[in-house]
Amino acid sequence: MRVRLAQARALSKNAPFFYAVHSCNALFLSYAYLDVAPFWLTAGPLAVLLLAFTLRSGRHLQLARRETRPATANRQIIKVNLLTGLLVLATCAWSFSLAPYGTPELRMLGLFYDAFTIILCAVSLMHVRSAGFTALSGLVPVSIASMAIGSDTMQAAAVTFLVSGVAVLYLILLYSKSFHRLVGQHGELKRVSAEARNLARLDLLTSLPNRRSFFADLEAIVASAAPDAEIHLAVIDIDGFKTVNEMYGHAVGDEILREAALRLVGICGAPHTLGRLGGDEFGLIFGLGLSGDEAFARCTEIEEELRAPFLLPDRIVRIGVSIGLASAQVASSDAAHLHEQVHYALREAKLDPRASCQRFTREQEERMSRANRVAAALRNADFRRELSLVFQPVIDAERDGIIAFEALARWTSPEIGAISPVEFVTAAEKTSLIGLMTDVLLTKALEAAATWPPTVHLYFNLSARDITMPDFAVRVADIVRASGVTPGRIAFEVTETAIIGDFAAAKQTLDALKELGVSIALDDFGTGFSSLSYVHRLPIDKLKIDRSFTSEILTNRTCRDIVRSVIGLCQQLGIDCVAEGVETHTQMMLLGRLGCRSMQGFYFAKPMPAEEAACLARTPRAPGSGVRTEVIPAA
């Protein structure tokens, strides 16, 4: 059938040219006999042929502009076989009818007209082998008629006609084979191309639409929906999927993704649109007509379904899920903005363990707008002029002396005003400006540290993006050397959250920094899930107890036990322990009884400008000394 369709398409393209050439030949023959044969015999058949050629050409031009169907192709091939025979018969009959009225030269012209008409038909119909054979069969009577004339010239012409016919017959056989082969190859190429296009739209693991296809569908839905229609987009993220891969292997992780996709399809079939956006993230476009509450209820169902145990052949695995949902009227939003909103809601869901399914709200819109303003201001900021540092002392409580200052970044934007470190550091990480920001802040921190006594150290915070940059350790080494500050006086603080994103890259960076001679401190210790494993696997020199434990050490026995355990761990490992968030003398005294010497908090001093820190660094006693307070709980 594929061959028939190709033959029909080729016929529709070639036919108008074929009929135009035959029309010219018929005109020349009619003109040659115009003065010697009856007018009705010269003009009548010519008019019939020209009318037929014109009608057939118009029909083929119409067919060439349409998609050819199998039934239409079959009818065309049958019709062309019949019409070819009629054309050969009609042209031969016409030239033979004119022959008695002409001279030998005119009779020879008529025979040549017949022969060329037949050969031209056969060549034009080479892709339709049966029609070509039908046309060539007309050479037999033409050759016989040429021999009947009796002259040597006409007998030679008859032989030429037959030889030409055999040659054309051979060419038709060769071309027909090649045509069939090319059609087959073209069909296979189309099949492969269709499969490639299909694969380009599908995720191979889950057979769901991939990220590119999903967002193309989203844009198409937004573009085609009525302006007052409400569209709902959800993004579903599997929490802790990296841990699943590390614990059980990627084969188990892949199986969970496939099973998760099947569960999602079971809950959200048509008219909803599902897709795998990459990694452990799925996208869902709800069918138009659903309300926001109905979409949220469906998200809750999805959360419950995915939290159900995954029963694998040799184990049972449970996963966590975070879902972000955004809704908007088509007239007031577009696909890109909706995608930005849903990912903001997803981030909020990940940060709030009590509400792992979150809808994008007006409050979130305001926070996102603020974050976008901060990011825009950050791109235009003069870091050297606008960024500054304040310093909070770290105290040795036993000798009442300053052992270090922690450098804390501050930014005052000319456009927005003072911006919190959480805001601008987050924005800097998203806009890839964090590297430049860190370089400027570290340079300023080292400039301040150079004015302190040699015994006072510098604590400097690194972001998650800092410790995963391949060239970060090299840049730090250059900045430290240029400052003249001894590397041993510098401690870089990292959080467990920063490490967990890409542990291998983080470890490589921290090892390189350690070789430089600096210290590494694990900040906010105890708030993560795997802190002990990081202490064991990383070049950690200091642990900083998170302020959430210090603040409740007097009233919460569990917090007190955790602090005691961390201090004991540090003593066993031979590393320093620093308690953050110390705000009262009582807290300080209890931490001292538990064995912690290094402390930091508002009780000793609030963060201060560099000049004040330099002055304080040379003071023999720490601020807050001599302050008394009431009863200290038993350790």
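Now for a look at the structure at hand. Numbers given to residues run from 1 along each chain, matching the order in which its sequence is written. Only residues with pLDDT of at least 70 are given local features in this predicted model, and only at 80 or more are side-chain atom pairs given and counted; all residues enter the totals for whole chains, interfaces and linings. To obtain the side-chain values, all non-hydrogen atoms of the structure were used and water was disregarded.

Section: the packing of helix α17 (residues 472-483) against helix α19 (residues 503-516)
Each pair of packed helices can be summarised by the angle the axes make with each other and by the distance between the axes.
Then, in step 1: Here α17 crosses α19 at 25°, and the two axes come no closer than 9 Å. Between α17 and α19, the interaxial angle falls into the category roughly parallel. Judged by the twist between their axes, the crossing of α17 over α19 is right-handed. For the pair α17 and α19, the contacting residues are F472, A473, V476, A477 and V480 in the first and T509, A512, L513 and L516 in the second.
Then, in step 2: Classifying every residue of the contact of α17 with α19 gives eight nonpolar, one polar and no charged. All axes here are fitted lines through C-alpha atoms, helices being fitted over the stretch that makes contact, and every angle between N-to-C directions spans 0 to 180 degrees. Numbered from the N terminus, helices here are DSSP runs of H or I no shorter than four residues, and strands are runs of E no shorter than two. Here roughly perpendicular refers to angles of 65 to 115 degrees, roughly parallel to angles under 35, roughly antiparallel to angles over 145, and oblique to all remaining angles. In a left-handed crossing the near helix is turned counterclockwise from the far helix by less than a right angle, and in a right-handed crossing that turn is clockwise. Contact definition: two residues touch when any of their heavy atoms are within 4.5 Å. Here the term charged refers only to Asp, Glu, Lys and Arg, the term nonpolar to Ala, Val, Leu, Ile, Met, Phe, Trp, Tyr, Cys and Pro, and the term polar to all other amino acids, Gly among them.

Brief notes about unusual backbone geometry
Then, in step 1: At S207, a position not held by glycine, the phi torsion is positive, near 65°.
Then, in step 2: Secondary-structure assignment places S207 in the loop between α7 (152-201) and α8 (211-224).

With respect to α19
Then, in step 1: Expected helix span is given by 1.5 Å per residue-to-residue step, counting one fewer step than there are residues. Given a rise of 1.5 Å per residue, 14 residues ought to cover 20 Å, and the 20 Å separating the end C-alpha atoms of α19 matches this to within 8%.
Then, in step 2: Note on exposure labels: buried denotes an accessible area under 20% of the residue type's maximum, exposed denotes more than 50%, and partly exposed covers the range between, all computed with a 1.4 Å probe on protein chains only. For α19, every residue scored as buried is listed here: F503, A505, A506, T509, L510 and L513. End-on, the buried residues of α19 take up no more than an arc of 160°, which puts them together on one face. Set apart from the buried face of α19 by more than 90 degrees, the exposed residues are A504, Q508 and E515.
Then, in step 3: Backbone geometry just after α19 places G517 at a positive phi near 110°. Regarding the arc, it is the one traced by the directions from the helix axis to the C-beta atoms.

Comments concerning the packing of helix α22 (residues 557-573) against helix α23 (residues 585-594)
Then, in step 1: Contact pair α22 / α23: the axes reach a minimum separation of 10 Å and the direction vectors enclose 45°. With respect to α23, the axis of α22 lies oblique. Taken as a pair, α22 and α23 cross one another with a handedness that is right-handed. Facing R560, V563, R564 and I567 of α22, the residues of α23 in contact are L590, L591 and L594.
Then, in step 2: Residue composition of the contact of α22 with α23, by class: five nonpolar, no polar and two charged.

Here we look at the packing of aromatic side chains
Then, in step 1: Stacked, tilted and edge-to-face pairs are distinguished by plane angle, under 30 degrees for stacked and over 60 for edge-to-face with tilted covering the rest, among Phe, Tyr and Trp rings (Trp via its six-membered ring) whose centres lie within 6.5 Å. Under the defined criterion, the tally for this structure stands at seven aromatic pairs.
Then, in step 2: Their ring planes at 75° and their centres at 5.0 Å tell us that Y603 and F604 sit as a pair that is edge-to-face. By the burial criterion, Y603 is buried, and F604 matches it.
Then, in step 3: Grouped by ring-pair contacts, the aromatic residues F391, F405 and W452 constitute a single cluster.
Then, in step 4: The ring of F310 carries R263 above its face, with NZ or CZ at 3.9 Å from the centroid.
Then, in step 5: One Lys or Arg, R537, reaches over the ring of F503 and ends 4.1 Å from the middle of that ring. Consider the ring centre and the ring normal. A charge sits over the ring if Lys NZ or Arg CZ is within 6 Å of that centre and within 35 degrees of that normal.

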